[in-house]
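Here's the letter readout for the chains.
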Amino acid sequence: MKDPKIGSVLSLTINPAHREPLKFVNKAKFVAGYGIDGDRHYTEKKERAGYQVLVMDRETIDELDLSIGDTRENVTTSGIDIYSLEPGSRLAIGNEVVLHIAKACPPCSRMDEVRPGLMNQLDGKRGMLASVEQGGSVSLGDIVRV
């Protein structure tokens, strides 16, 4: 039986600016207290704490007949139950990075631009918002564990 607390990184994206296309990368630098280097949510502002990284799982993307990146997630995982993570949980990625889970990401109206009605379909399923507690590099294929 597969362990729902262990998975892997399928995709990494950087959101360079508001309404700009996502940049798919093979490796990304996560910086403690700031987010992902080069991402528009990379900041030390206290009001953005907890909202630096969006983690989504491939299983939900497939269930909703979406493509990776449609929900604007930064990290797409496979094999881990993202929605079992409670606020305050920690998610280790690779050998260095630790994310601190803040809350479920509420879907915004922009999701209806991807597909009409998607905002409602994503209620409770858009992934988890997190901050970078311990920085380092993350690469495609890295192990993800609770």
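Not measured: the values here are computed from a predicted model.

**Regarding unusual backbone geometry**
Okay, so step 1: The residue Arg-19 is not glycine, and still its phi comes out positive at about 65°.
Okay, so step 2: The topology assignment puts Arg-19 in the loop between strand 1 (6-14) and strand 2 (23-25).
Okay, so step 3: Judged by its relative accessible area of 45%, Arg-19 is partly exposed.
Okay, so step 4: The residue Asp-65 is not glycine, and still its phi comes out positive at about 55°.
Okay, so step 5: For Asp-65, a relative accessible area of 66% puts it in the exposed group.

**A few points about the sheet that holds strand 3 (residues 27-31)**
Okay, so step 1: Within the open sheet, the 3 strands sit side by side as 4-3-10. Their pairing is antiparallel. Of all strands in the sheet, those with a lone pairing partner are strand 4 (35-36) and strand 10 (136-139), marking the two edges.
Okay, so step 2: In terms of strand pairing, strand 3 meets strand 10 through 4 bridges, oriented antiparallel. Each residue of the ladder has a partner; that of Phe-30, found in strand 10, is Gly-136.

**Observations regarding the nonpolar core**
Okay, so step 1: Within the largest apolar cluster, 23 residues are counted, with the highest numbers of intra-cluster contacts made by Leu-12, Phe-30, Val-53, Val-75, Leu-91, Ile-93 and Leu-99.
Okay, so step 2: Put simply, the parts of the chain that give this core at least two residues each are strand 1, strand 3, strand 5 (53-57), strand 7 (90-93), strand 8 (97-104) and strand 9 (128-134).
Okay, so step 3: The contacts of Leu-12, once residues within four sequence positions are left out, are Lys-23, Phe-24, Val-25, Asn-26, Lys-27, Ala-28, Phe-30, Asn-74, Val-75, Val-138, Ser-139 and Leu-140.
Okay, so step 4: Formed by 7 residues, the second largest nonpolar core is a distinct cluster that contains Met-56, Leu-64, Leu-118 and Leu-122.

**Description of the pattern of salt bridges**
Okay, so step 1: The final tally for this structure, using the stated rule, is 5 salt bridges.
Okay, so step 2: For the salt bridge of Arg-90 with Glu-133, the shortest nitrogen-to-oxygen distance reads 2.8 Å. In this pair, Arg-90 sits in strand 7 while Glu-133 sits in strand 9, placing the two residues 43 residues apart along the sequence.
Okay, so step 3: Judged by its relative accessible area of 41%, Arg-90 falls in the partly exposed class.
Okay, so step 4: Using a relative accessible area of 38% as the deciding quantity, one classes Glu-133 as partly exposed.
Okay, so step 5: Its salt-bridge partner being Arg-110, residue Glu-113 comes within 3.5 Å of it at the nearest N-O pair.
Okay, so step 6: The class of Arg-110 is partly exposed, set by a relative accessible area of 23%.
Okay, so step 7: When salt bridges that share partners are traced, they join Arg-19, Arg-110 and Glu-113 into one network.

**Side note on the side chain of Ser-11**
Okay, so step 1: Note that Ser-11 resides in strand 1.
Okay, so step 2: The contacts of Ser-11, once residues within four sequence positions are left out, are Phe-24, Ile-68, Asn-74, Val-75, Thr-76 and Leu-140.

About the cut-offs
Residues numbered from 1 in each chain as written. Predicted model: local features only at pLDDT ≥ 70, side-chain atom pairs only at ≥ 80, totals over all residues. Heavy atoms only, no water. Helix = DSSP H or I, 4+ residues; strand = E, 2+ residues; numbered from the N terminus. Buried < 20%, exposed > 50% of the residue type's maximum accessible area, 1.4 Å probe, protein only. Pairing = 2+ DSSP bridges. Core = buried A, V, L, I, M, F, W, Y, C linked by side-chain atoms within 4.5 Å. Contact = heavy atoms within 4.5 Å. Salt bridge = Lys/Arg side-chain N within 4 Å of Asp/Glu carboxyl O.

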